[in-house]
Amino acid sequence: MMNKVRFSAIFAALTLLFLTISPVHGAETAPQTETRPTPVIIEEISRLLSEFKYSDAIALFDTINPVDAAEPGIKLLKASVLNSAGKINEARSIAEGVSKAEPNDLDALFVLSAIEAAAGRTRQQKTLLERIIKIDPKNTGALTDLGNISLEAGQYQNAAKYFDEVLALLPQNLEALLGRAKVYRYQNNPKGAEELYNKAISIFPNEAIVWHNRARLYRGTGFPKEALADLDKARTLDPNDYWIAIDRGNVLLDMNQKAEALTNYKRAIEIDPDVFLAYVYSAGIKDDLGDIDGAGADYEILARLKPDYPYAFEGLGMHKMRDGQYEAAKNAFQETYRLLPEEWCYALLAAVNWMKLSNTNGIRPFLNQVMNKQKRDSMEYFLCRLYYDLSGKVYSGESDMVSKADLEKNELTKARLIFYLANYFDIKGNTTIADKYFLQFKEMDQRGIPEWRLNEWLLETRGIMPY
């Protein structure tokens, strides 16, 4: 999608274009009491855009007198604002109308390319940009966008070529400087990247984006203190930038300063509560710091904002299970399993919670589907079968599973066997045996699997103090 630098440049260029080539017709077509001069309205639209008040900005176009409103420059301004507001089809319709009347109008082609970028139609965007270059080989805006497209596609040599062409024409072009530096970063040339970032900072010391980009270079090359210093500067220049807050939290997390990192993730959430990423970090840190309720609340929001993110439901399921909300935990683990169908453990976690409910209708068909995906001689299959039989009140195979757990050599497989045996005996009401297995699982110290945190909480809630 078109970035803030590019949108501002397009809007400013189109505004300048209109004001320099178009007469102001307001006084000729209507009395001053009825219509404000068009330049005044354009300035007001620009102010509203800076405040992200897109609907108000769009509405102001209807107050422009009809003669000025028919000007191509005004139409393209409106198309750009509509595009920025996410009204892509309306924007495209207006811009295409201008381009149809004048096929070689570079401004119309450029606005159309921005619309295609916003729509995610990179191929169409690239075609329009190449058409601009064919008409005007030195069009730095089109060259820069082609560089960015190549960069995102991993075509670093092409990206470098485009950015170098821009810098040969405009050595102080900010977007080309940042783009070329990013190419150096991706090509593992940190010195080349740093030189360009330093140059950009010397030219644009009050632009947060240059400090932010250099901070990412320093973090990626193992200089967290330098990265933090640059992010501090960037934050001073743009305190309401979501990604500066996120990156500052990430650097502090790298430095194991979790409480300070959490403050930055909270700030990111304050800036934009509808972006999911900050909740991922926030929930994890809150878990680590013992704020269980806070972490659970974050997972709730995360699951709502990012329903295709399986670990949101994993975290939600674990917290609901800890709190004894077995229906909600079952649903969350089922959703995790749906998103990660190769991870059978989530199906079993769903089954564990399901069997704590008074209504277990549907559990056997569910487990049967899970078993059908496993090899018949696998440990996963035998565990699923154990729970399948238990759900039908048929206690068969448990002694075999205990023996298999004793003989298993793979530590991870053995740990999971122990954990699910613990829950199996707990569901059966054999508390003493269940507690023994919960403690045995803890001793195996398999901290990299989701069952680990669950087991810690189960030990806590059961009042078991490991020796």
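S.K.: Got a minute to help me understand the overall build of the protein in this structure?
M.R.: Helices and strands together make up the secondary structure of the protein, namely 28 helices and 0 strands. When its C-alpha atoms are laid out on the principal axes, the protein stretches across 95 × 50 × 40 Å. Sequence separation of at least 24 residues holds for 50% of the intrachain contacts in the protein that already meet a minimum separation of 6. Of the charged side chains in the protein, 56 are positive and 64 negative; the average position of the first set lies 4 Å away from that of the second.

S.K.: So what exactly am I meant to see when it comes to the nonpolar core here?
M.R.: When a protein is soluble and globular, its nonpolar side chains tend to lie buried together. Counting 86 residues, the largest nonpolar core has Ile45, Phe61, Val81, Ala95, Ile115, Leu129 and Val210 as the members making the most contacts within it. The dominant element in this core, judged by the number of residues it contributes, is helix α8 (residues 106-118), at 7 residues. Grouped together as the second largest cluster of nonpolar side chains are 57 residues, Leu340, Leu421, Ile449 and Leu459 included.

S.K.: Teacher, can you tell me more about helix α26 (residues 411-428) here?
M.R.: The periodicity of an α-helix, 3.6 residues per turn, causes residues three or four places apart in sequence to face the same way. For α26, which comprises 18 residues, the first-to-last C-alpha distance of 26 Å matches the rise-based estimate of 26 Å (1.5 Å per residue) to within 8%. The buried fraction of α26 amounts to 13 of the 18 residues, a majority that puts the element mostly inside the structure. Regarding α26, its N-cap is Asn410, as a side-chain oxygen of that residue lies 3.0 Å from the backbone nitrogen of Leu412 further along.

S.K.: Can you help me understand the environment of Leu383 in this one?
M.R.: Mapped onto the elements, Leu383 comes out in helix α24 (residues 379-391). According to the relative accessible area criterion, Leu383 is buried, its value standing at 1%. In this structure the C-alpha to C-alpha distance between Leu383 and Met401, which are 18 residues apart in sequence, comes to 7.6 Å.

S.K.: Just to check I follow, could you spell out the packing of helix α22 (residues 344-354) against helix α23 (residues 363-372) for this structure?
M.R.: Packed helices, taken two at a time, are described by their axes: the angle between them and the distance between them. Running from N to C, α22 and α23 cross one another at 165 degrees; their axes reach a closest spacing of 11 Å. The angle between α22 and α23 falls in the class roughly antiparallel. In this structure, the crossing between α22 and α23 has a hand that is left-handed. Between α22 and α23, the contacting residues are Ala347, Ala350, Ala351 and Trp354 on the first element and Ile363, Phe366, Leu367 and Val370 on the second.

S.K.: I keep staring at empty space enclosed by the protein and nothing clicks. Help me out?
M.R.: Regions of empty space are outlined by a rolling probe, equal in size to a water molecule, passed over the atoms. All told, the structure shown has 1 cavity of 30 Å³ or more when counted by the stated rule. In this model, the largest cavity occupies a volume close to 40 Å³. For the largest cavity, the full set of lining residues is Arg235, Asp238, Pro239, Asp241, Ile244, Ala245, Asn264 and Arg267. Taken together, the residues of the lining of the largest cavity sort by class into 3 nonpolar, 1 polar and 4 charged.

S.K.: Looking at this model, I keep getting lost on the packing of aromatic side chains. Mind explaining?
M.R.: Each pair of aromatic rings is reported with the distance of its centres and the angle of its planes. All told, the structure shown has 17 aromatic pairs when counted by the stated rule. When the centroid spacing of 5.7 Å and the interplanar angle of 45 degrees are considered together, the rings of Trp354 and Phe366 count as tilted. Of this pair, Trp354 sits in helix α22 while Phe366 sits in helix α23; the two residues are 12 residues apart in sequence, bridging distant segments of the chain. By relative accessible area, which is 11% here, Phe366 ends up buried.

S.K.: Help me understand the pattern of salt bridges in this model?
M.R.: If charged atoms from side chains of opposite charge come close, those side chains can pair. According to the stated counting rule, one finds 30 salt bridges in the structure shown. Across the salt bridge formed by Glu327 and Lys330, the nearest N and O atoms sit 3.4 Å from each other. Here Glu327 pairs with Lys330, and both are found in helix α21 (residues 326-339), just 3 residues apart, close to one helical turn. Of the residues examined, Glu327 reaches a relative accessible area of 40% and is grouped as partly exposed. Residue Asp426 pairs with Arg462 through a salt bridge whose shortest N-O separation is 2.9 Å. You can see Asp426 sitting in helix α26 and its partner Arg462 sitting in the segment after α28 (450-461), a full 36 residues away along the chain. When salt bridges that share partners are traced, they join Glu44, Arg47, Glu51 and Lys53 into one network.

S.K.: When you look at the environment of Ile464 in this model, what are you seeing that I'm missing?
M.R.: As for its placement among the helices and strands, Ile464 is situated in the segment after α28. Judged by relative accessible area, Ile464 falls into the buried class, the value being 12%. Residues Ile464 and Leu439, 25 residues apart in the sequence, show an inter-C-alpha distance of 8.2 Å. Every residue in contact with Ile464, bar those within four places of it in the chain, is listed here: Asp435, Leu439 and Leu459.

S.K.: Would you explain the environment of Phe163 in this entry?
M.R.: Structurally, the position occupied by Phe163 is in helix α11 (residues 156-169). Separated by 276 residues in sequence, Phe163 and Leu439 place their C-alpha atoms 60 Å apart. Not counting chain neighbours up to four residues away, the residues in contact with Phe163 comprise Thr144, Gly147, Asn148, Glu175, Ala176, Gly179, Arg180 and Val183.

S.K.: Looking at this structure, how should I read the state of the cysteines?
M.R.: Among covalent bonds in proteins, the disulfide is the one between the sulfur atoms of two cysteines. Under the counting rule described, the total for this entry stands at 0 disulfides. Cys345 forms no disulfide, and the closest cysteine sulfur to it belongs to Cys384, at a distance of 10 Å. By relative accessible area, Cys384 is classed as buried at 0%.

S.K.: Where do I start with unusual backbone geometry in this structure?
M.R.: Excluding glycine, residues mostly carry a negative phi; peptide bonds, for their part, are mostly trans. For Asn256, which is not a glycine, the phi torsion comes out positive at approximately 65 degrees. When you line up the elements, Asn256 lands in the loop between α16 (242-254) and α17 (258-271). Of note in the backbone geometry, Asp445 takes a positive phi value of approximately 55 degrees without being a glycine.

Parameters and conventions
- Residues numbered from 1 in each chain as written.
- Predicted model: local features only at pLDDT ≥ 70, side-chain atom pairs only at ≥ 80, totals over all residues.
- Heavy atoms only, no water.
- Helix = DSSP H or I, 4+ residues; strand = E, 2+ residues; numbered from the N terminus.
- Contact = heavy atoms within 4.5 Å.
- Lys, Arg positive; Asp, Glu negative; His and termini not counted.
- Charge placed at Lys NZ, Arg CZ, Asp CG, Glu CD.
- Core = buried A, V, L, I, M, F, W, Y, C linked by side-chain atoms within 4.5 Å.
- Buried < 20%, exposed > 50% of the residue type's maximum accessible area, 1.4 Å probe, protein only.
- Expected span 1.5 Å × (residues − 1).
- Polar contact = N/O pair within 3.5 Å; in protein donor to acceptor, adjacent residues only side chain to side chain.
- Axes fitted to C-alpha atoms, helices over the stretch in contact; angles between N-to-C directions.
- Parallel < 35°, antiparallel > 145°, perpendicular 65-115°, else oblique.
- Left-handed = near helix turned anticlockwise from the far one by under 90°.
- 1 Å grid on protein atoms, 1.4 Å probe; cavity = no way out; pocket = protein on both sides within 12 Å on 5 of 7 lines; lining within 4 Å.
- Points joined across faces, edges and corners; volume = space filled by probe spheres on them.
- Nonpolar A, V, L, I, M, F, W, Y, C, P; charged D, E, K, R; others polar.
- Phe/Tyr/Trp six-rings, centres within 6.5 Å; stacked < 30°, edge-to-face > 60°.
- Salt bridge = Lys/Arg side-chain N within 4 Å of Asp/Glu carboxyl O.
- Disulfide = S-S within 2.5 Å.

Nothing here speaks to function; it is geometry throughout.
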